[in-house]
Amino acid sequence: MKRLVMKFGGTSVGSAERIARVAKLVKEFAAPETIVVTSAMSGVTDRLVEIAERVAQGIEEEHIHEFVAYMREKHISTAQDVAREEEIPELKAEIERLLSELEKILVGISYVGELTPRSLDYVLSFGERLAAPLVSAALRKEGINSRWYTGYEAGIVTDSNFGRASPIMDITEERVREVIEPRLKDTIPVVTGFIAGNEKGRITTLGRGGSDYTAAILGAVLDADEIWIWTDVDGILTTDPRLVKEARVIEVLSYIEAMELAYFGAKVLHPKTIEPAMEKGIPVRVRNTFNPSCEGTLIVSEQEKTSDIVKAISVMKNVALLNISGVGMIGLPGVASRVFTALAQQKVNILMISQGSSEANISIVVEKGDVERAVDALREEFLGANIVKHVQYNEDVAIIAVVGAGMRGTRGVAARVFTAVANAGVNVLMIAQGSSEVNISFVIAGEDAAKAARALHEEFITKRH
Ligand code: ADP
Ligand code: ASP
Ligand code: MG
């Protein structure tokens with residue numbers, strides 16, 4: 001292997017001791033050319049979201065100072081432990097510069113009293129911008145030449161869809177090759193995950209959990225041989241270990257299977273991570289920072305046939321089910337397209353769709369945070385016209401996706417899925433039409449999620465072994 005991208009998640013860089021461990025892992029596993037991507041220290045991005053929201057609602061300025069003091073304590077104390085003695089003063093000064101910038105933007109938001117997606121991205125950027133200098137310093141302490149870059153400095157340029165930006169791949173490829181590639185011979189650059197910039201250089205973010213995506217983007221534009229996602233579990237597991245304790249590591253997954261799992265809520269990978277890797281055919285490996293002897297999960301394009309029909313079960317919470325109904329919809333062309341256009345204009349992300357055969361209703365699943373915008377958009381679109389009568393919603397649902405390439409061409413899987421779910425006493429609210437052949441997904445009440453996941457895990461995975 002010649003060129004490797006390694007990404008470390010929040011828990012992996014969550015303390016001085018952990019950052020030091022990361023530096024050792026990089027030293028041990030580095031390829032001749034290696035790029036490191038880092039997340040913010042664990043919990044920091046959540047805290048930044050929280051303070052930004054509170055500031056916009058108008059809290060006292062002293063709370064801002066308290067928050068900045070908390071960030072100072074966390075990052076400065078870590079700096080003291082991870083850096084070489086002689087580098088500590090400069091590293092501290094760098095952290096102070098970032099913190100004073102953070103303080104100014106928070107005070108600015110408090111004056112304006114409004115938090116735009118653009119200013120939120122700016123605030124969130126400090127998590128990774130404070131972590132990357134620490135990781136880079138820890139590498140230098142291990143005797144590795146290193147400096148750090150923000151995603152934008154490294155060359156990642158996105159559209160201006162703040163909070164959920166997508167890379168503009170041709171510009172990104174050109175810039176990353178210009179900035180990062182020449183450094184690879186004698187250094188290991190550390191790049192902030194999650195954050196990038198638009199063409200004007202404004203800070204954007206790739207969506208929560210987006211550091212995985214950063215690693216994949218860099219891997220793809222630099223033609224890396226592999227992309228490794230170092231996290232806090234042994235790999236991609238057969239289901240969410242927080243819900244089902246029997247969850248086990250999956251050794252090999254295809255790109256499509258991994259994509260479906262990530263898309264439907266397996267938090268271990270950001271949903272867009274696989275796309276750039278798949279385009280270039282780059283293997284992605286998910287491994288455990290705290291158990292590096294475990295080989296983790298390998299994600300590749302083609303896979304030998306296995307006897308496993310179902311590989312994994314994912315659970316996506318925090319979603320809402322919208323139901324659009326009205327007899328006026330029957331036989332009227334174009335209703336569905338008006339629904340989608342109205343939602344797209346409001347940048348509502350549609351996760352699942354199904355239309356009853358009677359045509360008198362369309363069900364849509366969206367993220368919980370989008371539900372108000374979605375309902376308003378739909379009511380406005382159809383207001384007055386005698387087509388859609390009701391736009392109802394249920395905010396407490398979950399999507400369960402049963403994933404496995406072996407389901408393709410195997411009869412009776414759906415029957416087994418729904419029998420297992422019914423036997424667990426769980427009611428199915430909606431089933432998606434036309435989802436890919438490697439996935440059966442459906443919607444249930446949020447409170448039934450763990451029960452359904454356990455029943456399916458038992459039926460398809462535990463029983464098999
Ligand atoms: P990181 O900070 O390293 O990016 P995340 O918290 O984003 O880590 O993702 C890892 C977590 O994802 C695990 O600790 C686990 O609780 C959760 N998770 C949910 N579903 C799965 C799954 N199918 N396989 C592995 N982990 C999962
Ligand atoms: N720090 C960001 C988040 O918490 C990105 C990441 O961890 O991947 O969402
Ligand atoms: Mg993550």
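Since this is a predicted model, take the numbers as computed values, not measurements. (Residues numbered from 1 in each chain as written. Chains lettered and ligands numbered in written order. Predicted model: local features only at pLDDT ≥ 70, side-chain atom pairs only at ≥ 80, totals over all residues. Heavy atoms only, no water.)

Trainee: Sorry if this is basic, but what is going on with the overall build of the chain here?
Mentor: A tally of regular secondary structure across the chain gives 14 helices and 17 strands. Expected size for 465 residues packed as a compact globule is a radius of gyration near 23 Å; at 23 Å, the chain falls within 12% of this value. With the C-alpha coordinates aligned to their principal axes, the bounding extent of the chain is approximately 75 × 55 × 40 Å. Within the chain, the fraction of its 465 residues that count as buried is 53%. Sequence-distant contacts in the chain: of pairs separated by 6 or more residues, those separated by 24 or more amount to 77%. Mean positive and mean negative side-chain charge positions of the chain (52 and 64 charges, respectively) differ by 2 Å. (Helix = DSSP H or I, 4+ residues; strand = E, 2+ residues; numbered from the N terminus. Rg over C-alpha atoms; globule rule 2.2 N^0.38 Å. Buried < 20%, exposed > 50% of the residue type's maximum accessible area, 1.4 Å probe, protein only. Contact = heavy atoms within 4.5 Å. Lys, Arg positive; Asp, Glu negative; His and termini not counted. Charge placed at Lys NZ, Arg CZ, Asp CG, Glu CD.)

Trainee: Just checking my understanding: could you explain the sheet that holds strand β4 (residues 157–158) for this structure?
Mentor: Within a beta sheet, neighbouring strands are joined by backbone hydrogen bonds and run either parallel or antiparallel to one another. Pairing within the open sheet is mixed, and its three strands lie in the order β4-β6-β7. Each of the sheet's edge strands pairs with one partner strand only, and the pair in question is β4 and β7 (203–205). Judged from the three bridges that link them, strand β6 (residues 195–198) and β7 form a sheet pairing that is antiparallel. The residue of β7 that forms the bridge with I195 is T205. Strand contacts of helix α5 (residues 117–141): β6 and β7, with the helix running at about 80° to β7, the strand carrying the most contacts. (Pairing = 2+ DSSP bridges. Axes fitted to C-alpha atoms, helices over the stretch in contact; angles between N-to-C directions.)

Trainee: Explanation requested: the pattern of salt bridges in the structure shown.
Mentor: Any two side chains of opposite charge can pair, on the condition that their charged atoms come close. Inspection of the entire model under this criterion finds 30 salt bridges. Of the charged contacts, one joins E33 and K185 as a salt bridge, the two residues approaching to 3.9 Å between their closest N and O atoms. Here the residue E33 occupies a position in strand β2 (residues 33–38), and K185 occupies one in the loop between α7 (169–179) and β5 (190–192), the gap between them amounting to 152 residues. Between D223 and R177 there is a salt bridge; the shortest N-O distance is 2.9 Å. Of this pair, D223 sits in the loop between α8 (211–221) and β8 (226–231) while R177 sits in helix α7, and the two are 46 residues apart along the sequence. Given the relative accessible area of 41%, D223 is considered partly exposed. Overlapping salt bridges bring together K2, R3, E33, E173, R177, E181, K185, D223 and K280 as one network. (Salt bridge = Lys/Arg side-chain N within 4 Å of Asp/Glu carboxyl O.)

Trainee: Help me out: how do you make sense of unusual backbone geometry in this one?
Mentor: A positive phi angle, close to 75°, is found at F194, a residue other than glycine. Locating F194 in the fold gives a position in the loop between β5 and β6. The backbone phi angle of N318 is positive, close to 55°, even though this residue is not glycine. Residue position: N318 is located in strand β12 (residues 312–325).

Trainee: Could you clarify how one ought to interpret the site of ligand 2 in this entry?
Mentor: Around ligand 2, the neighbouring residues are S39, T45, E128, F194, R208, G209, G210 and S211. One of the side-chain N or O atoms of S39 is found 3.2 Å from an oxygen atom in ligand 2. Contact distances for ligand 2 include 2.6 Å between an oxygen atom and a side-chain N or O atom of R208. Relative to its free-state accessible area of 260 Å², ligand 2 is covered by the protein chains to the extent of 86%. Residues of the shell around ligand 2, tallied by class, amount to one nonpolar, five polar and two charged. (Near = heavy atom within 4 Å. Polar contact = N/O pair within 3.5 Å; in protein donor to acceptor, adjacent residues only side chain to side chain. Areas by Shrake-Rupley, 256 points an atom, 1.4 Å probe, with all protein chains shown as cover. Nonpolar A, V, L, I, M, F, W, Y, C, P; charged D, E, K, R; others polar.)

Trainee: Looking at this model, I keep getting lost on the sheet that holds strand β10 (residues 284–288). Mind explaining?
Mentor: As summarised here, the arrangement of the eight strands in space is β3-β5-β2-β1-β8-β10-β11-β9, forming an open sheet in which the pairing is mixed. Among the strands making up the open sheet, the edge pair consists of β3 (148–149) and β9 (252–254). In this sheet, β2 lies alongside strand β1 (residues 3–8) in parallel orientation, the contact comprising six bridges. Of the residues in β2, the one forming a bridge with K7 is V37.

Trainee: Which parts of the structure should I look at to understand the packing of helix α4 (residues 88–112) against α5?
Mentor: Helix-helix packing is described using two parameters, namely the angle between the two axes and the distance between the axes. For the pair α4 and α5, the least separation of the axes is 10 Å and the interaxial angle reads 170°. Regarding the angle of α4 to α5, the classification is roughly antiparallel. Mapping the contact onto sequence places L91, E94, I95, L98, L99, E101, L102, I105, L106 and I109 in α4 and S119, Y122, V123, F126, R129, L130, P133, L134 and A137 in α5. (Parallel < 35°, antiparallel > 145°, perpendicular 65-115°, else oblique.)

Trainee: For this particular structure, what's the right way to read the nonpolar core?
Mentor: Most often, soluble globular proteins keep nonpolar side chains buried together rather than apart. Counting 57 residues, the largest nonpolar core has F8 and L102 as its most contacted members. Within the residue set of this core, elements represented by two or more residues are β1, α1 (16–29), α2 (44–56), α3 (61–82), α4, α5 and β8. The residues contacting F8, other than those within four sequence positions of it, are V13, V22, L25, V26, V36, V37, T38, S39, W230 and T289. Of all hydrophobic cores here, the second largest spans 52 residues; its members include A154, Y213, I236 and Y255. (Core = buried A, V, L, I, M, F, W, Y, C linked by side-chain atoms within 4.5 Å.)

Trainee: Before we go on, may I ask you to explain helix α14 (residues 449–462) in this structure?
Mentor: An α-helical turn contains 3.6 residues, so a residue and the one three or four places further along point in the same direction. Of all 14 residues that make up α14, 10 are buried, and the element is covered over most of its length. The complete set of buried residues in α14 reads A449, A450, A452, A453, A455, L456, H457, E459, F460 and I461. Elements in contact with the buried residues of α14: β12, β15 (390–403), α13 (413–423) and β17 (439–445).

Trainee: Explanation requested: α2 in the structure shown.
Mentor: Counted at 1.5 Å a residue, the expected span for α2 with its 13 residues is 18 Å, and the 18 Å between its end C-alpha atoms agrees. By the burial criterion, the buried members of α2 are V44, T45, L48, V49, I51, A52, V55 and A56. Among the structural elements, α3, α4 and α5 are those in contact with the buried residues of α2. Looking one or two residues beyond α2, the residue adopting positive phi is G58, at roughly 90°. (Expected span 1.5 Å × (residues − 1).)

Trainee: Please explain the site of ligand 1 as it appears in this structure.
Mentor: What surrounds ligand 1 is a group of 16 residues, the closest being K7, T231, D232, L237 and K267. Between G10 and ligand 1, the recorded distance is 3.1 Å, taken from a backbone N or O atom to an oxygen atom. Partitioned by chemical class, the residues of the shell around ligand 1 number six nonpolar, five polar and five charged.

Trainee: Looking at this structure, I do not really get the environment of T297. What am I missing?
Mentor: Within the fold, T297 resides in strand β11 (residues 297–300). For the pair T297 and L237, spaced 60 residues apart in the sequence, the C-alpha separation amounts to 8.4 Å. In this structure T297 touches D234, G235, I236, V249, I250, E251, L253, V284, R285 and V286, once residues within four positions along its chain are discounted.

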